[in-house]
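# Structural overview for review
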Amino acid sequence: MCGIVGYIGREQAAPILLEGLSRLEYRGYDSAGVAVFDNETGALAVHKAGGRLQVLHDRLRGGADLHGTAGIGHTRWATHGAPSDVNSHPQVSRSGRIAVVHNGIIENYSELRAYLTGQGIPFRSETDTEAAAQLIEYFYSGDLLAAVEKALQRIQGSYALGILCADCPDQIIAVRKDNPLILGYGDGCNFIASDVTALLGHTRQVSYMEDGELAVLTRDRIQCYNRQMQPIQPKPVAIDWEIDAAEKGGYEHFMLKEIMEQPEALRRCLSPRIRNGEAVFEGAVLNQAFLETMRRIHIVACGSSYHVGVAGKYHLERLTRRPVEVNLSSEFRYMDPIVDERTLVIVISQSGETLDTMAALREARRLGAPVLSLVNVVGSSIARESDQVLYTWAGPEIAVATTKAYTTQLALLSLLALWMARRLNTVSDEAYQAALAGFQALPEQMEAVLSRREEIRSFASQSSSRSSMFFIGRNLDYALGLEGSLKMKEISYIHAEAYASGELKHGSISLIEQDTLVVALGTYGRLFSKAVSNVVEVKARGAGVLALTTDSRKEEMARIADGVMTIPDADDLFLPILGAAPLQLFAYYTALLRGCDIDKPRNLAKSVTVE
Ligand code: G6P
């Protein structure tokens, strides 16, 4: 969602801000803006534009025309007020002296607005953020920090704020509550950003602000304060992501690059966790004492991360014989969940910043449950608030539609299921060793799947003109269908729905007609014959069928389906991981034929930091 960048240093700020914003484009946005303190006029120069960042970039000639060495920038994903120049950030106070960029939602903004309007302060935009800018100015009488502090006492909701004031051109103030904000430490310059990718080109030293913290940045120093306004000293950490990991590297889209990176991502995720013939997971939550008392597992996540949970449930229950429940974070947080200290709550999140997942995590911890998180972004809020975190180490994922984060999350959860089974004595020695060997072979098998990408591309011509698709499957294939159909709808805008094959006759089969494409998933060997019956059933009603199965069953499937994609034969544990890749490619090539904006699909955001 929205992105924040701020810079204070000795170089011209605007080009740095624009470059930083371009690295945040992937988060999803619909307008952009910057504010820079102009030494010559002694005022803030604010420029904003609806639409792509390129519009603003061109208007400002890459920032060349905007002089000044301190500034803040923003990409906005509209929540309050339509995407437009006036609603873009930075939002400025009445006099134009104070500019604010904001991620999150100010929940009591109508109240604040009514109050300030009553004090004779006119509002220009429809945004909640303008209330923050106006309120700070309302309290301002020469001491910006004091004004910000007072304003924060009145503001309710979630926010990461970057604040610039024309009277204090040598400082930027940053504040965080329930929305990520990162401080970057440079040489003679300092930064704020909502996401480390914005800083990769400038510094490797960052610290993550905690909830309730405030920071005052000058050129040579960052002074942080806790909730009680006592000075604190956060410890900067080094980011180990390379800048080229956040660039396209010759691929037409980040999504394709990230699909192709999956073998390497799986290697990075799995190999440090398999040592001397054993899976290694010990930690604050994952230990023998807890496992012996653990009664059940509860998985909580959103979007594709939720689909990982749906697939993982099959593995966890089969291997550990412990009951597993999977919930969407947005449901979990309000459902009065039955979890306690004997429930393992597993939270899954690529970004580590999804607001609903964060709230679910807090609810689980409040109820006494130990929380284990599977996260990609190191140092993210969810990682920091969990009792134990397992990083997927997939590297930065830029395309909005997740690919390598999904497969690494699922690989990690599957390996964890195996480890638990070993500890709980619910898996034989032989099966355990065979599965471990399978994990070690997984990156290579993924390479084999990706090497068939031209074949998969050829199927996209069958799908690109369809108006509707069903992804059907049973058990692991149903979980796979959830992710396959989400990929398709996210980036190609074709209506795509996942259905448990056994349920077809209870409703959806009435929608199958001549033009419908059914993607029939039949990788799960135990239920292959049932998958075949379902294909026959939908074909009889006129559907076109594209199937996905394993190599050894290709021939049989090819007798009834119109096209067949395959993955190598593998243990059940690996089917939804390997099976995800052809479906990602299928969605990608379909969207490509339809001319869609693949990396930044309309209305979607990479990291959903509002409810
Ligand atoms: C957004 C992204 C999805 C992602 C979901 C959950 O909708 O577009 O790709 O699966 O958020 O995000 P998380 O970062 O918590 O995994």
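An account of the accompanying structure is given in this report. (Residues numbered from 1 in each chain as written. Predicted model: local features only at pLDDT ≥ 70, side-chain atom pairs only at ≥ 80, totals over all residues. Heavy atoms only, no water.)

### As for the packing of helix H9 (residues 303-320) against helix H13 (residues 404-424)
Relative to each other, H9 and H13 sit at 20°, their axes nearing to 9 Å. What the angle tells us is that H9 and H13 run roughly parallel. Crossing geometry of H9 relative to H13 is assigned as right-handed. Residues Ser304, Ser305, His307, Val308, Gly309, Ala311, Gly312, His315, Leu316, Leu319 and Thr320 of H9 lie in contact with H13, whose contacting residues are Tyr406, Gln409, Leu410, Leu413, Ser414, Ala417, Leu418, Met420, Ala421 and Leu424. Among the residues making up the contact of H9 with H13, the classes are represented as 12 nonpolar, nine polar and no charged. (Axes fitted to C-alpha atoms, helices over the stretch in contact; angles between N-to-C directions. Helix = DSSP H or I, 4+ residues; strand = E, 2+ residues; numbered from the N terminus. Parallel < 35°, antiparallel > 145°, perpendicular 65-115°, else oblique. Left-handed = near helix turned anticlockwise from the far one by under 90°. Contact = heavy atoms within 4.5 Å. Nonpolar A, V, L, I, M, F, W, Y, C, P; charged D, E, K, R; others polar.)

### Overview of the pattern of salt bridges
Within this structure, the stated rule accounts for 34 salt bridges. Of the charged contacts in the structure, one is a salt bridge between arginine 384 and glutamate 210, with a shortest N-O distance of 2.9 Å. Pair noted here: arginine 384 is in helix H12 (residues 381-385) and glutamate 210 is in the loop between strand S11 (205-208) and strand S12 (214-217), with a separation of 174 residues, a long-range link. Arginine 267 is the partner of glutamate 264 in a salt bridge, and the nearest nitrogen-oxygen pair spans 3.1 Å. Taken together, the positions of glutamate 264 and arginine 267, both in helix H7 (residues 262-270) and three residues apart, correspond to about one turn of that helix. Residue classification places glutamate 264 among the partly exposed residues on the basis of a relative accessible area of 40%. Through salt bridges with shared partners, one network takes in Arg176, Lys177, Asp178, Asp211, Arg362 and Glu385. (Salt bridge = Lys/Arg side-chain N within 4 Å of Asp/Glu carboxyl O. Buried < 20%, exposed > 50% of the residue type's maximum accessible area, 1.4 Å probe, protein only.)

### As for the packing of aromatic side chains
One pair of aromatic rings is described through two measures. These are the centre distance and the angle between the planes. In total, this model carries six aromatic pairs according to the counting rule given. Their ring planes at 90° and their centres at 5.7 Å tell us that tyrosine 115 and tyrosine 138 sit as a pair that is edge-to-face. Of the two residues, tyrosine 115 sits in helix H3 (residues 109-118) while tyrosine 138 sits in helix H4 (residues 129-139), which places them 23 residues apart along the sequence. Since its relative accessible area comes to 31%, tyrosine 138 is described here as partly exposed. Plain terms: the ring middles of phenylalanine 439 and phenylalanine 574 are 4.7 Å apart, the flat faces sit at 85° to each other, and that makes the pair edge-to-face. Here the residue phenylalanine 439 occupies a position in helix H14 (residues 429-450), and phenylalanine 574 occupies one in the loop between strand S27 (563-567) and helix H19 (575-593), the gap between them amounting to 135 residues. Both residues of the pair, phenylalanine 439 and phenylalanine 574, count as buried. An aromatic cluster is present here, built from Tyr115, Tyr138 and Phe139 joined pairwise through their rings. Arginine 553 extends its terminal NZ or CZ atom over the ring of phenylalanine 528, reaching a point 5.0 Å from the ring centre. (Phe/Tyr/Trp six-rings, centres within 6.5 Å; stacked < 30°, edge-to-face > 60°. Lys NZ or Arg CZ within 6 Å of the ring centre and 35° of its normal.)

### Examining the nonpolar core
Judged by nonpolar contacts, the single largest core of 128 residues is most densely connected at Ile346, Leu416 and Met420. With 13 residues, H13 is the largest single contributor of residues to this core. Dropping the residues within four chain positions of it, leucine 416 is found in contact with Phe281, Leu286, Ile346, Leu372 and Leu390. One finds Phe123, Ala131, Ala147 and Val148 within the second-largest nonpolar core, a separate group that totals 31 residues. (Core = buried A, V, L, I, M, F, W, Y, C linked by side-chain atoms within 4.5 Å.)

The values are spatial; any link to function lies outside them.
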